[in-house]
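Secondary and tertiary structure notes
Each chain, written out:
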Amino acid sequence: EAEKERTEAIELAKKMGNNGQLISLYYNAATDARKQGYDKERIQYLKLAIASNEKISRNQFFRAPLYSAMAIAYAQADSLTLAESYLEKMENEVADLEGRNRETYVEALKNFEFANGNYSRALRYGKEHLEIKRSGSHYEEVQEAEKFLADVYESMGNKSAAYDHFKKFEAIKDSLGN
């Protein structure tokens, strides 16, 4: 039902030429595709969101989260060259990677390094990302950051630290009712 409503909203936004709304609709569709494990659809929706973003006058604002999401999607789909190209786009086209756009940049970096098997760098960025997320109120994102660290520690052979972060992940999951 929600997918049907989104499809109708996309069609309406297309007819109205509302690219700002399309960015949001496509990004949310990509998020849903990610949660369902549909990598191809996720990437397609992100491409559509980026294309819509390029049609608006203040397109700089959404570049960081869109390029980050694309880099992560490609890294998680084992397309590391494409993931790296979106990291480079972020570095070349996005302002303030040390300020307001740091969170999305670090999230992309941690996923890219993990996919490349650079676990010590993935760990460093993963810890930084978790700290950023803990300073906010989006518990699902803290949960995902804890799970990421559990995966990194597991890959590094540190079962104790992996288990500690997995327990934190599960505790948040239980509190959210997932």
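Residues numbered from 1 in each chain as written. Predicted model: local features only at pLDDT ≥ 70, side-chain atom pairs only at ≥ 80, totals over all residues. Heavy atoms only, no water.

**So, the overall build of the chain**
Where we set the bar: Numbered from the N terminus, helices here are DSSP runs of H or I no shorter than four residues, and strands are runs of E no shorter than two. Only C-alpha atoms enter the radius of gyration, while the globule expectation follows 2.2 Å times N to the 0.38, with N the number of residues. A 1.4 Å probe rolled over the protein chains alone gives each residue an accessible area, and that area as a share of the maximum for its type sets the label: buried under 20%, exposed over 50%, partly exposed in between. To measure how exposed things are, a 1.4 Å probe is used in the Shrake-Rupley method; for residues, cover is taken only from the protein chains shown. Positive residues here are Lys and Arg, negative ones are Asp and Glu, while His and the chain termini are left out of the count. By convention, charge coordinates are those of NZ in Lys, CZ in Arg, CG in Asp, or CD in Glu.
Helix and strand content of the chain: nine helices and zero strands. In the chain, the order of α-helices and β-strands from amino to carboxyl end is α-α-α-α-α-α-α-α-α. A compact globule built from 178 residues would reach a C-alpha radius of gyration of about 16 Å, and the chain, at 17 Å, matches this within 12%. Taken along the three principal axes of its C-alpha coordinates, the chain extends 55 × 40 × 30 Å. In the chain, which comprises 178 residues, the share counted as buried stands at 39%. Carbon together with sulfur atoms contributes 47% to the accessible area of the chain, which is approximately 10,100 Å² in total. Looking at the chain, you have 26 positive and 30 negative side-chain charges, and the mean spots of the two groups are 1 Å apart.

**Some points on the nonpolar core**
Selection criterion: Side-chain atoms within 4.5 Å link the members of a nonpolar core, which is a set of buried Ala, Val, Leu, Ile, Met, Phe, Trp, Tyr and Cys residues. Only heavy atoms enter the contact rule, under which two residues are in contact if any of them lie within 4.5 Å.
Of all hydrophobic cores here, the largest spans 33 residues; its most connected members are Met70, Tyr86, Leu87 and Met90. Every element with two or more residues in this core is listed here: α1 (2-16), α2 (19-36), α3 (39-53), α4 (60-76), α5 (80-93) and α6 (102-115). A per-element tally of this core places α4 first, with 10 residues. The contacts of Leu87, once residues within four sequence positions are left out, are Ala71, Tyr105, Ala108, Leu109 and Phe112.

**Some words on the pattern of salt bridges**
To keep things clear, this is the line we draw: The working definition used for a salt bridge is a side-chain nitrogen of Lys or Arg within 4 Å of a carboxyl oxygen of Asp or Glu.
Per the stated rule, a full pass over the model turns up 16 salt bridges. Lys133 serves as the salt-bridge partner of Glu141, at 2.4 Å between the closest nitrogen and oxygen. Of the residues examined, Glu141 reaches a relative accessible area of 29% and is grouped as partly exposed. Across the pair Arg134 and Glu146 runs a salt bridge, and its minimum N-O distance is 2.8 Å. Here the residue Arg134 occupies a position in helix α7 (residues 119-134), and Glu146 occupies one in helix α8 (residues 139-156), the gap between them amounting to 12 residues.

**As for unusual backbone geometry**
A positive phi angle, near 60°, is found at Asp78, a position not held by glycine. Examined against the element boundaries, Asp78 turns out to sit in the loop between α4 and α5. In this structure Asp78 comes out as exposed when scored by relative accessible area, which is 66%.

**Examining the environment of Ala33**
Mapped onto the fold, Ala33 is located in helix α2. With 43 residues separating them in the primary sequence, Ala33 and Gln76 have C-alpha atoms 13 Å apart. Beyond its immediate stretch of four places on either side in the chain, Ala33 contacts Tyr38, Glu41 and Arg42.

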